Every structure is written in structure tokens, then in C-alpha cells.
Amino acid sequence: MKKILIVEDEPDIQELLCAYLQDAGYETAAAGDGVTALALFQARPFDLVLLDILLPKIDGFGVCELIRRQSQVPILMLTALDGEEQQLRGFGLDIDDYVTKPFSMPVLLEKIRVILRRGGGSPEEARLRYRDLVMDLDAREALLAGRPLELTAREFELLRAFLSSPGRVFTREMLLAKLWGYDFYGDERVVDSHIKNLRHKLGRDYIETVRGVGYRAAKEAD
């Protein structure tokens, strides 16, 4: 399992990132300031560092510079600073990519997958299987009994969430945070509409409604 160090000083965003990446199959550790981040990095190996710029004690640029003195671990920077000067400074420190706040969770996840794929990985990590459904996460394709499904980006991410954790119940709020991002403001019933469309395309009720709570893919029998 790939290990990601999340360095983010806003507790709500840190918690959301940890939950989202764990749901996607990654192991995470989190730090709220630059000093703690460097201590964690020294204590154990990581496959990627998700690094905010505006941090207490040591900012993200400082953390990046100190990491680069000893490691070429992939670094993906999170920033509310979208100016050219800041981005050039980061690339000058040999970061791998930027994500500007507010960001889309699915886009962030895809950037992480692309960066980690450059370093190699098992093809099985990029596939999800559930009954007669197969999802190829790299190719972003879903097959039902060998037949390609025409899914929108949101539908694909919804199906990925359910198939990654069969039996787990997802509330609308959880799905909104995962697919629309922490900055979403709107009617949470938009989730119901996307699930209705996904169910129609699947042609069978693989996604169950847990009344009064949310949705899940039924856990397969052992």
C-alpha cells in the first residue's frame, strides 16, 4: 500500500484529505506544521508528500527544500497562491506538480495516481472488481460483464467509491466531499440524481439505499 504524507494546517481539509485518500486505498499520515512534517518524514518512508505552502513554523517551500536535500520523493504542492512567481519557486525546488485551492478531489486523486505511476506500480492496484464489474482506474474504463459502460466523470468516481469499499455506507455529505470538493455549496440531492443515472446504466441494483443514511455496494459473500 502506497504511503502519503499530508502536510496541511487547516484541520477540516486535513481530515478530508486523509479520509479521501484512505478510501482510495492509500495509507496516510498527517502533519499540521512544517516541523512535525519533517519529523514524520525522517521517521518513516513515504511514496508521496502532499504539501501545503502556507504552514506554521516552517512553510512549504522550506519543508520542500529540506526534503530535497535527502530524498527525491514525489511532492505535490497545495496552495492558495496561484501566482506565477510562487509556482516557479516551487518548480525550482523540484516539486512534481501544483494543485490550487479550492481543488477538486477527483482531480487531486488523479494527479496523485499519475505521479505515483511514473515510479511504477502493480497493475492490479489500478483495477477494482465487484461481481461482474471491472474498473480500470488508469484507463478510466468500467466494464459490466465485459461490456463497456458509458459513464460521466462523476458517475465513474461514484462507482469507484462504492467498489473500493463494498459494504461501507456513504452519506450524501461524504459523497459530496469526495466528488465535489470541500468547497461545494448547493443541494445535496444532486448526489441522488447521479446515483439514479448510474443505476440506470448498470441495469441492476448494485448500489443499495440505506434508508435515512445513504448508499452502499453490498459486501460480497466470502
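Look up: the structure comes first, before these words.
Right, let's walk through the structure included here. (Residues numbered from 1 in each chain as written. Predicted model: local features only at pLDDT ≥ 70, side-chain atom pairs only at ≥ 80, totals over all residues. Heavy atoms only, no water.)

1. As for the side chain of Asp 33
Mapped onto the secondary structure, Asp 33 falls in the loop between β2 (27–31) and α2 (34–43). Owing to a relative accessible area of 11%, Asp 33 belongs among the buried residues under this scheme. A polar contact is formed between the side chain of Asp 33 and the backbone nitrogen of Val 35, at a distance of 3.0 Å. Beyond its immediate sequence surroundings of up to four residues, Asp 33 is in contact with Val 7, Pro 56 and Lys 57. (Helix = DSSP H or I, 4+ residues; strand = E, 2+ residues; numbered from the N terminus. Buried < 20%, exposed > 50% of the residue type's maximum accessible area, 1.4 Å probe, protein only. Polar contact = N/O pair within 3.5 Å; in protein donor to acceptor, adjacent residues only side chain to side chain. Contact = heavy atoms within 4.5 Å.)

2. Thoughts on the pairing of strand β6 (residues 127–130)
Only one face of β6 is buried: it carries Leu 128 and Tyr 130, and the other face, with Arg 127 and Arg 129, is open. Pairing of β6 with strand β7 (residues 133–136) involves 4 bridges; the strand directions are antiparallel. By the bridge assignment, Arg 129 is partnered in β7 with Val 134. Turn length for the β6-β7 hairpin, with the two strands adjacent in sequence and antiparallel, is 2 residues, and the turn residue Arg 131 shows positive phi of about 55°. (Pairing = 2+ DSSP bridges.)

3. A look at the packing of α2 against helix α3 (residues 60–68)
Here α2 crosses α3 at 20°, and the two axes come no closer than 10 Å. In terms of their interaxial angle, α2 and α3 are classed as roughly parallel. The handedness of the crossing between α2 and α3 comes out as right-handed. In this structure, α2 uses Gly 34, Leu 38 and Phe 41 to contact α3, whose residues at the interface are Val 63, Leu 66 and Ile 67. Its residues placed into classes, the contact of α2 with α3 shows 5 nonpolar, 1 polar and no charged. (Axes fitted to C-alpha atoms, helices over the stretch in contact; angles between N-to-C directions. Parallel < 35°, antiparallel > 145°, perpendicular 65-115°, else oblique. Left-handed = near helix turned anticlockwise from the far one by under 90°. Nonpolar A, V, L, I, M, F, W, Y, C, P; charged D, E, K, R; others polar.)

4. What about empty space enclosed by the protein?
Scanning the model with the defined rule gives 1 cavity of 30 Å³ or more in all. Volume-wise, the largest cavity comes out at about 60 Å³. Every residue along the wall of the largest cavity is listed here: Tyr 20, Asp 23, Ala 24, Leu 109, Glu 157, Arg 160, Ala 161, Ser 164, Lys 178 and Leu 179. Listing elements by their share of the lining of the largest cavity, those giving two or more residues are α1 (11–23), α6 (153–164) and α7 (172–179). It is α6 that contributes the most residues to the lining of the largest cavity, 4 residues altogether. Looking at the lining of the largest cavity, its residues break down into 5 nonpolar, 1 polar and 4 charged. (1 Å grid on protein atoms, 1.4 Å probe; cavity = no way out; pocket = protein on both sides within 12 Å on 5 of 7 lines; lining within 4 Å. Points joined across faces, edges and corners; volume = space filled by probe spheres on them.)

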